[in-house]
Each structure stands twice: as C-alpha cells, then as structure tokens.
Amino acid sequence: QVQLVESGGGLVQAGGSLRLSCAASGSIFSINAMGWYRQAPGKQRELVATIRSGGIPNYAESAKGRFTISRGNDKNTVYLQMNSLNPEDTAAYYCNADIRPRLGSPTSVYWGPGTQVTVSS
C-alpha cells in the first residue's frame, strides 16, 4: 500500500513564502513523476507543477517565476517552494505521484489528502 502525506501548508500574508513537502511511503519500487495540484473552493483541481524522475520540471503559467518544485535525494519526497504568494494562490494543495509498486507491475497515480494554503491580503 502506498501513502502520500503533505505538510507545510498554513496561513501567510500576501508576498510571503511557504514550502510544501510531500513524502511517499509504502510499497514503492520506483516513482516516475511527482507533482502538485491545487483546488480552490468552487473551482476544478488544476496543475501547479510536476517533476519527472530525471529532474525535469513543468510549471503552470501561474507558478512560473514564483514556485520551484524539487525532489528529495531519496526520490520519494517532493517539495514546492512558493514565493511571492498572493490571495489567488489560496487553495488546498495536493501532491500526486506516478508509482510502480513492484518490479514489473504497472504504474498507478496516487494522491495525498491535501494541505490548505491560505494567503491573506
């Protein structure tokens, strides 16, 4: 069984920074890609940033220049450094990962329960 657990959310003033972390644990043979998505009230979940196993990042336009995604040395952890936050960044942030549980098994996408980020004006 695979679990993803996010941490680092909270309340911050506009212009401030937060660093989100997500750790994957359980039956993991390899992780292809990890990413961050967010969902604001009344809106659909949207991509924030993803990073593949080779370290190549991909950002939503809204995140470019402000957010940085990175993988931990153990490759089972992903971080999202968020700078210059504004109230439009307020949302629940979800980690996901494309994981191969065992050698030869197909990959599946797993999601964490989410962490709330609130940016006050």
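That block above? That's the structure.
Computed from a prediction, not measured in an experiment: that's the story for all the values here. (Residues numbered from 1 in each chain as written. Predicted model: local features only at pLDDT ≥ 70, side-chain atom pairs only at ≥ 80, totals over all residues. Heavy atoms only, no water.)

A. Quick peek at the sheet that holds strand 1 (residues 2-7). Taken together, the four strands give an open sheet; going across it, the order is 1-3-8-7, and neighbouring strands pair in antiparallel fashion. Lying at the two open borders of the sheet, with one neighbouring strand each, are strand 1 and strand 7 (67-71). Neighbouring strand axes in the sheet, compared pairwise and without regard to direction, differ in orientation by 15 degrees on average. Pairing of strand 7 with strand 8 (residues 77-82) involves five bridges; the strand directions are antiparallel. Looking at the pairing, Phe67 lines up with Met82 of strand 8. (Pairing = 2+ DSSP bridges. Helix = DSSP H or I, 4+ residues; strand = E, 2+ residues; numbered from the N terminus. Axes fitted to C-alpha atoms, helices over the stretch in contact; angles between N-to-C directions.)

B. Spotlight on the state of the cysteines. For the structure on display, the rule yields one disulfide. Bridging Cys22 to Cys95, the disulfide has an S-S length of 2.1 Å. Because the sign of the S-S torsion sets the handedness, a value of about -75 degrees for the bond joining Cys22 and Cys95 places this disulfide among the left-handed ones. Taken together, the residues span a long stretch of sequence, with Cys22 in strand 3 (residues 18-26) and Cys95 in strand 9 (residues 91-100) at a distance of 73 residues. As far as burial versus exposure is concerned, Cys22 and Cys95 are alike and both buried. (Disulfide = S-S within 2.5 Å. Buried < 20%, exposed > 50% of the residue type's maximum accessible area, 1.4 Å probe, protein only.)

Purely geometric numbers; function is a separate question.
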